[in-house]
Amino acid sequence: GAPGLPGRRAALYFMCLGAGFMVAEVALMQRLHVVLGHPTYALIAVLAGLLVATGAGAAASERLVTTPSAVVRAAQLAGAILLVLPHGVIDPLARATAVSGMGPRAAWALSVSALVGLVLGTLFPSGLRYTDRAVSTPLALALNGVAAVVGGVVCVLVSVWFGIPYAFFLAALLYAIAAVCGPTSWAA
């Protein structure tokens, strides 16, 4: 296994979180750009909603995600949300608010981003709780960061070649892999 982490599955868990987060973030920006009419508006809505809520999710994770199996369920929930998001949430809201002003469209774009961020924010600190934090944190952060960079590039390629909904599917798949590789499967 990776030095400092409880096995290869733990390393893969933190990598999937990094790649999955970045794929979800870029896919949200790409899709909400169409909804909000300008890339800058999408960037603001996604970053504000996603990052503030991710911080809130991380802060609340100690109370919300309290066992290794809860970490796995949170990763499964993240995957399910990302799978349903493009066709089950964003498309219907886009159609329902197509003739609305910027206010309602920006409000729901922020809300959708915040919902995603709240769930995704619980996963990294919750996973770290089942490691030796002093030893594992630097490696977990490094793996997460490298995977996030790769995830951003892969997301753009997937979106261009196959379409933005496939990028959401990729993000959901990465969180499903994180669930399979979660703390319930880590070596002691």
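Description of the structure in this document. (Residues numbered from 1 in each chain as written. Predicted model: local features only at pLDDT ≥ 70, side-chain atom pairs only at ≥ 80, totals over all residues. Heavy atoms only, no water.)

Under the 1.5 Å per step criterion, the end-to-end length of helix α3 (residues 68–96) is 39 Å for 29 residues, consistent within 8% with the ideal 42 Å. Along α3, the helix axis deviates most sharply at L85, where the bend reaches about 65 degrees; the proline P86 sits within four residues downstream. (Helix = DSSP H or I, 4+ residues; strand = E, 2+ residues; numbered from the N terminus. Expected span 1.5 Å × (residues − 1). Bend = angle between axes of the 7 residues up to and from the residue.)

So, about the packing of helix α2 (residues 39–64) against helix α4 (residues 102–121). The N-to-C vectors of α2 and α4 enclose an angle of 35 degrees; their axes lie 7 Å apart at closest approach. Crossing angle aside, the handedness with which α2 passes α4 is right-handed. Along its contact with α2, which presents Y41, A45, V46, A48, G49, L50, A53, T54, A56, G57 and A58, the element α4 presents M102, A109, L110, S113, A114, V116, G117, L118 and G121. Taken together, the residues that form the contact of α2 with α4 break down as 14 nonpolar, six polar and no charged. (Axes fitted to C-alpha atoms, helices over the stretch in contact; angles between N-to-C directions. Left-handed = near helix turned anticlockwise from the far one by under 90°. Contact = heavy atoms within 4.5 Å. Nonpolar A, V, L, I, M, F, W, Y, C, P; charged D, E, K, R; others polar.)

What follows covers the environment of C16. Looking at the element boundaries, C16 is found in helix α1 (residues 8–36). Sequence separation between C16 and A147 is 131 residues; the distance between their C-alpha atoms is 7.1 Å.

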